[in-house]
Amino acid sequence: KVFHLPVENSLAGRAIKQRKPQRTNRRLDEDPIKLKTGYIAEGVIYVPLTLGEMQVGVISAVHHEPGKAFTDLNERIMVGIAELTAISIQNARLFQSTRQDLTRRSKVVSALQYALTQDFKRQLHSVVGYSTLLRNDDSLREETVEMLDNIAYAGENMLEMIERLLNMARLSLE
């Protein structure tokens, strides 16, 4: 279970503030330890989850076996677990951020592909088509025919450039 509890005046809060593990074990002459969760325990240890200077939480371990106590070895093991847990949390955050960035980029590339294929290519095909049709008119002067050839040639070049852009956009999504 995951609990989000206030940590003021608690071992968990002290672990966060002091940036080091906190543990307590019940002595034989004491009552069992009552945790904020309502559970009764014989011992508890809290270890802060730290990423560089940032605190991301606290992990804890509780035992219920009378007469047993958390030891220095148990604490070192918990610190190792906490370090790996903090790294896992950071990796999960980076993965989520990367996924969101990829989704945004994918949307941009899709919009670009749509604009290039639907808008630009259609317009260019019209320009190339009309210039080709006009060029076949025998009544045109040679100068006009040359201009229409230039228009058709430039249009074909632009269509090729758009096709290359679309191919690069497709590759960026792979």
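The notes below deal with the structure included here. All figures in this text were calculated on a predicted structure; none of them were measured in a lab.

**Some words on the overall build of the protein chain**
Point 1. Per the secondary structure count, the protein chain includes three helices and five strands.
Point 2. Reading the protein chain from its N terminus to its C terminus gives the helix and strand order α-β-β-β-β-β-α-α.
Point 3. Scored against the burial criterion, the 174 residues of the protein chain give a buried share of 24%.
Point 4. Taking the intrachain contacts of the protein chain between residues at least 6 apart in sequence as the baseline, contacts between residues at least 24 apart amount to 52%.
Point 5. As displayed, the protein chain has an accessible area near 12800 Å², and 56% of this comes from carbon and sulfur atoms.
Point 6. Charge centroids of the protein chain, computed over 23 positive and 22 negative side chains, lie 14 Å from each other.

**Observations concerning the pattern of salt bridges**
Point 1. In total, this model carries eight salt bridges according to the counting rule given.
Point 2. As a salt-bridge pair, E42 and R26 come within 2.8 Å of each other at their nearest N and O atoms. One end of the pair, E42, is in the loop between β3 (40-41) and β4 (43-51); the other, R26, is in the loop between β1 (22-25) and β2 (33-34), with 16 residues separating them in the sequence.
Point 3. For E42, a relative accessible area of 8% translates into the label buried.

**As for the environment of T117**
Point 1. Among the secondary structure elements, T117 is positioned in helix α2 (residues 72-135).
Point 2. Sequence separation between T117 and E163 is 46 residues; the distance between their C-alpha atoms is 8.6 Å.

The rules behind these values
- Residues numbered from 1 in each chain as written.
- Predicted model: local features only at pLDDT ≥ 70, side-chain atom pairs only at ≥ 80, totals over all residues.
- Heavy atoms only, no water.
- Helix = DSSP H or I, 4+ residues; strand = E, 2+ residues; numbered from the N terminus.
- Buried < 20%, exposed > 50% of the residue type's maximum accessible area, 1.4 Å probe, protein only.
- Contact = heavy atoms within 4.5 Å.
- Areas by Shrake-Rupley, 256 points an atom, 1.4 Å probe, with all protein chains shown as cover.
- Lys, Arg positive; Asp, Glu negative; His and termini not counted.
- Charge placed at Lys NZ, Arg CZ, Asp CG, Glu CD.
- Salt bridge = Lys/Arg side-chain N within 4 Å of Asp/Glu carboxyl O.

Worth remembering: the numbers are spatial, not functional.
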